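Each chain is listed here by its residues.
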Amino acid sequence: MTTIEDTNTSQQRSKAGNMTMMNMVGALNLAMDDALRTDDSVVLLGQDIGQDEGVFRVTADLLARYGKDRVIDTPLAEGAIIGGAVGLAIYGMKPVAEMQFSGFAYQAFHQVEQHVSRFHNRTRGRYPMSMVIRMPYGGGIRAVEHHSESREAYYAHTPGLHMVMPSSPRNARALLLESIRCPDPVIFYEPKAVYRSFKEEVPEEPETMPIGKARIAREGSDISLIAWGAMVRPALEAAEDLQNSDRVSVEVVDLLSVSPMDTQTIVHSVAKTGRAAVVQEGPRNCGIGAEVIARIVEHGLMHLEAPIKRIGGYDVQFPYFARERAFLPSAERIANGLREVIAFE
Amino acid sequence: MPRKPIKTRDKLEYLSILDGKGKVDAALDPNLDAETAIYLYRLMLTARRLDERCINMQRQGRIGTYGPCRGQEAAHCAATICMDPEDWVVHAFREPSSFYHRGWPLETVLKFWGGYEEGCQPPEGVNDLPIAVPIASQLPHAMGIAWGMKLRGDKRAVLCYCGDGGTSEGDFHEAMNFAGVYQLPVIFLIQNNQWAISIPREAQTASETIAQKATAYGFDGLQLDGNDPLAVYVGTREAVDKAKAGGGPTLIEAVTYRLGVHTTADDPTKYRSNEEVKKWEKLDPIPRFLNYLLKKKILNEKSAAKVEEDVLAEVAGAVERFEESRDVDPLDSFDYLFVNTPEEVKQQRDEFAECLKQEGIGAGH
């Protein structure tokens, strides 16, 4: 994987034919550009997404290219953005709504739970909720309170929603485009710590990947490490470190979509390695890690040679940023957790 | 730097045409043609008779909790008839005859209260949203539909119902605000029935009127006598015409009264006096409108009795059809969650099917 440090939004052309090196911000922007260009019913709505191009510049240039009826700056009200998106979807448009930070999406949670997740079911198929709700989540950007938490479990716990969490520029672009084309509602949790942390080659031509399919981010044979979103990077680093220091071969499973969850890929990996650990930013109690472990236990208990470990994800509030570096699971902490599982006999 | 009153640009008015004593303001009377007038009366009477039937059915255990609209028939019936088929109507939950007028069979309305999801499926070609249970959460949807109309340049409008209690919700504020900012073709019709379960109107908001809240969002407010079908009709008609001409939203406060219980699970004697109810019974919209029609010779005793007879037959037929369509398949709870059902939900469906088989439960339960 390419790991170019980048603080610039501009997309850098790669030498590899029709591939372009870009960070996740550029990749998400490309997906929305693809969607706006190819589907007239797509509209973007959110706070500061137009003239300001989004507080993270994810919507850069889109207002200029598509105009104010396609890229819509809204008043400051998450509930009306999502409630309005419900009406737009019922009227046959495809809203792609941005919540400026996932920590403010609770002001719209009632609309998500009571309507986005239910309208298709309630009307027996008459009104599908084809919409995407994008939001940056997670720690690591030294922001004030409510800008750092990971609450994917709330959405995964809600029937009727897809909960997608990309980990790299290329899969972010492919999954966002797929989410916009999806006839069902998708909560799209963007790991903002990854926004500009590295670049990757992304094809210029529109590319999608299926929702609900995990990927093997690194093959290994001794232990399976299940991660998603921003935790995939430190997970891969930990795997590399363990290979070098302990000669332990770690397989990293990147969930990409936490709901629906790709049980088969997880269990298949554990069947191969016999050991497993999960790393998460979000709280442990009833979290995605707990669900991953439940599925391993239900479908692969007999493959296990050691108890499964949950790394990170303490049941406390995410600390303010003076403490966040210590709090977030690091490659070292993940490697130590993996060593514990490997050492079990 | 003077101190002076601020003038607002938006209209705030009160409208009454046919008052509680039966007097008509001839200058304001829309002089509905006979067919429309009789149809409106029939719609109001249908709501009344369905209400009575539903309360009985709830007591007999044939449907679940029911929320009657007794006393509010003019407020919802005279508004909904102002909408064209290509317009949209977004409902709260006390508007049975609006559904009926828009093309929902009455038995479908019964199905919602009977515990069937089928009661929320709009018939093909009917541009309506079903009953919204979480108070005021439907207002942003109405705003969003109107937003779509504006973005697409469609000359259509949305009628959205809500109650006085709903105006305290954040969704009311947010929807009104967006509607004002984007000048959307939507009519928010607040049925101010004086009571949100046990909380009286004056304990809900310190505003002198609900209509004046529109001023703060930059559009017109209209308070009208919600038990006066002519005022509701004229007020809504003007708001719809304005919306379609690009004039933006209107907030209508229809002042009415919930003569019955909040729902069949409620005992209003705990919080309001009989005297108050009796006072409002004298303002009942149904005899008021019937007397107007008799006076205008649009109806006579015989033709009025025929309307009554037809309405009772229609309600009885709907109840019969409702009772005949109780068979449902519990398995289909899995079939409408998604357009593209994920594999894991399909697997759970199979698991549930197996459970039902073991327990001997099939379609019909």
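Residues numbered from 1 in each chain as written. Chains lettered and ligands numbered in written order. Predicted model: local features only at pLDDT ≥ 70, side-chain atom pairs only at ≥ 80, totals over all residues.

A. Spatial organisation of the sheet that holds strand β1 (residues 12-15) of chain B. All names here are of chain B. Strand order in this open sheet of 7 strands is β1-β8-β9-β5-β4-β2-β3, and the pairing throughout is parallel. Strand pairing shows two members of the sheet lacking a second neighbour, β1 and β3 (128-129), which therefore form its edges. Alignment of strand β2 (residues 88-90) against β3, held across 2 bridges, turns out to be parallel. Counterpart to V90 in the pairing with β3 is L129. (Pairing = 2+ DSSP bridges. Helix = DSSP H or I, 4+ residues; strand = E, 2+ residues; numbered from the N terminus.)

B. Focus on the sheet that holds strand β3 (residues 42-46) of chain A. Residues and elements named next belong to chain A. As summarised here, the arrangement of the 7 strands in space is β4-β3-β5-β6-β8-β7-β13, forming an open sheet in which the pairing is mixed. Among the strands making up the open sheet, the edge pair consists of β4 (71-73) and β13 (257-259). Neighbour-to-neighbour, the strand axes of the sheet open up by a mean angle of 20 degrees, direction not taken into account. Running over the sheet, helix α3 (residues 78-90) touches β3, β5 (94-98) and β6 (132-137) and is turned about 170 degrees from β5. (Axes fitted to C-alpha atoms, helices over the stretch in contact; angles between N-to-C directions. Contact = placed C-beta atoms within 7 Å.)

C. Broad picture of the packing of helix α1 (residues 34-59) of chain B against helix α11 (residues 285-295) of chain B. All names here are of chain B. At a minimum axis separation of 10 Å, α1 and α11 run at an interaxial angle of 155 degrees. When the interaxial angle is binned, α1 and α11 end up roughly antiparallel. The two elements α1 and α11 meet at a crossing, and its hand is left-handed. Packed against α1, whose contacting residues are A37, Y41, M44, L45 and R48, the element α11 presents P285, I286, F289, L290 and L293 at the interface. Broken down by class, the residue content of the contact of α1 with α11 amounts to 9 nonpolar, no polar and 1 charged. (Parallel < 35°, antiparallel > 145°, perpendicular 65-115°, else oblique. Left-handed = near helix turned anticlockwise from the far one by under 90°. Nonpolar A, V, L, I, M, F, W, Y, C, P; charged D, E, K, R; others polar.)

D. Up close: the interface of chain B and chain A. At the junction of the two partners, chain B supplies 33 residues and chain A supplies 34 residues. When contributions to the side of chain B that touches chain A are tallied by element, the ones reaching two or more residues are α5 (139-152), α6 (170-181) and α13 (343-358) of chain B. By residue number, the principal contributor to the side of chain B that touches chain A is α5 of chain B, which donates 10 residues. When the residues that make up the side of chain B that touches chain A are grouped by side-chain class, the tally is 19 nonpolar, 8 polar and 6 charged.

E. Structural context of the pairing of strand β12 (residues 250-254) of chain A. Residues and elements named next belong to chain A. Burial analysis of β12 places 5 of its 5 residues in the buried class, the great majority of the element. By the alternation rule, side chains of β12 split into V250, V252 and D254 and E251 and V253, which are all buried. As defined by bridge partners, strand β10 (residues 215-218) adjoins β12 across 3 bridges and the pair is classed as antiparallel. Bridge pairing links I216 to V253 in β12. A crossover connection joins strand β11 (residues 223-227) to the parallel β12 through helix α8 (residues 232-246); in handedness this β-α-β unit is right-handed. (Buried ≥ 20, exposed ≤ 12 C-beta atoms within 10 Å, placed from the backbone. Right-handed = clockwise from strand over helix to strand, strands pointing away.)

F. Local environment of the confidence of the model for chain A. Model confidence for chain A is summarised by a mean pLDDT of 94, while 95% of its residues fall at 70 or above. Confidence drops under a pLDDT of 50 for residues 1-16 of chain A, and excluding neighbours within four residues, the segment shows 30 contacts in the predicted structure. (pLDDT = per-residue confidence, 0-100.)

G. Region of the structure containing the domain arrangement of chain A. Residue and element names in this part refer to chain A. Per the domain assignment, the segments making up chain A are domain 1 (18-203) and domain 2 (215-343). A straight line from the C-alpha centre of domain 1 to that of domain 2 covers 26 Å. Listed per partner, the contact involves 26 residues of domain 1 and 22 residues of domain 2. Elements with a minimum of two residues in the side of domain 1 that touches domain 2: α6 (152-156), β7 (162-164), α7 (169-181) and β8 (186-191). (Domains from an automatic or database assignment.)

H. How the structure looks around the environment of K279 of chain B. Residues and elements named next belong to chain B. Residue position: K279 is located in helix α10 (residues 274-281). A count of 12 C-beta atoms within 10 Å places K279 in the exposed class. C-alpha of K279 to C-alpha of T236: the two residues are 43 residues apart in sequence and 26 Å apart in space.

I. Representation of the nonpolar core within the structure. Core analysis: the largest hydrophobic core is formed by 204 residues, its most contacted members being L225 and A235 of chain A together with M143, C160, V186, I187 and F188 of chain B. With 10 residues, the top contributor of residues to this core is α1 of chain B. Excluding residues within four positions of it along the chain, V186 of chain B makes contact with A142, M143, A146, A157, V158, C160, A179, A243 and P249 of chain B. (Core = buried A, V, L, I, M, F, W, Y, C linked by C-beta atoms within 7 Å.)

J. Geometry of the environment of L28 of chain B. Residue and element names in this part refer to chain B. Examined against the element boundaries, L28 turns out to sit in the loop between β1 and α1. The exposure class assigned to L28 is partly exposed, which follows from the 13 C-beta atoms found within 10 Å. Between the alpha carbons of L28 and N340 there is a distance of 54 Å; along the sequence they are 312 residues apart. L28 has contacts with I17 and V234, leaving out every residue within four places of it along the chain.

K. View of the packing of helix α9 (residues 263-273) of chain A against helix α10 (residues 288-300) of chain A. Residues and elements named next belong to chain A. Between α9 and α10, the shortest axis-to-axis distance is 10 Å and the interhelical angle comes to 65 degrees. The angle between α9 and α10 falls in the class roughly perpendicular. In the crossing of α9 with α10, the sense of the turn from one axis to the other is right-handed. Residues T263, I266, V267, V270 and A271 of α9 lie in contact with α10, whose contacting residues are V292, R295, I296, H299 and G300. Its residues assigned to classes, the contact of α9 with α10 comprises 6 nonpolar, 3 polar and 1 charged.

L. Main features of the confidence of the model for chain B. Looking at chain B as a whole, its pLDDT mean stands at 96, while 99% of the residues score no less than 70. Here the prediction assigns the complex a pTM of 0.95, and the interface score ipTM is 0.97.

M. Molecular detail of helix α9 (residues 229-244) of chain B. Residues and elements named next belong to chain B. The first and last C-alpha atoms of α9 sit 22 Å apart over 16 residues, in line with the 22 Å expected at 1.5 Å per residue. Every buried residue belonging to α9 is among P229, L230, A231, V232, Y233, V234, G235, T236, A239, V240 and A243, and all of these are buried. The first or second residue beyond α9 is G246, which carries a positive phi of 90 degrees. (Expected span 1.5 Å × (residues − 1).)

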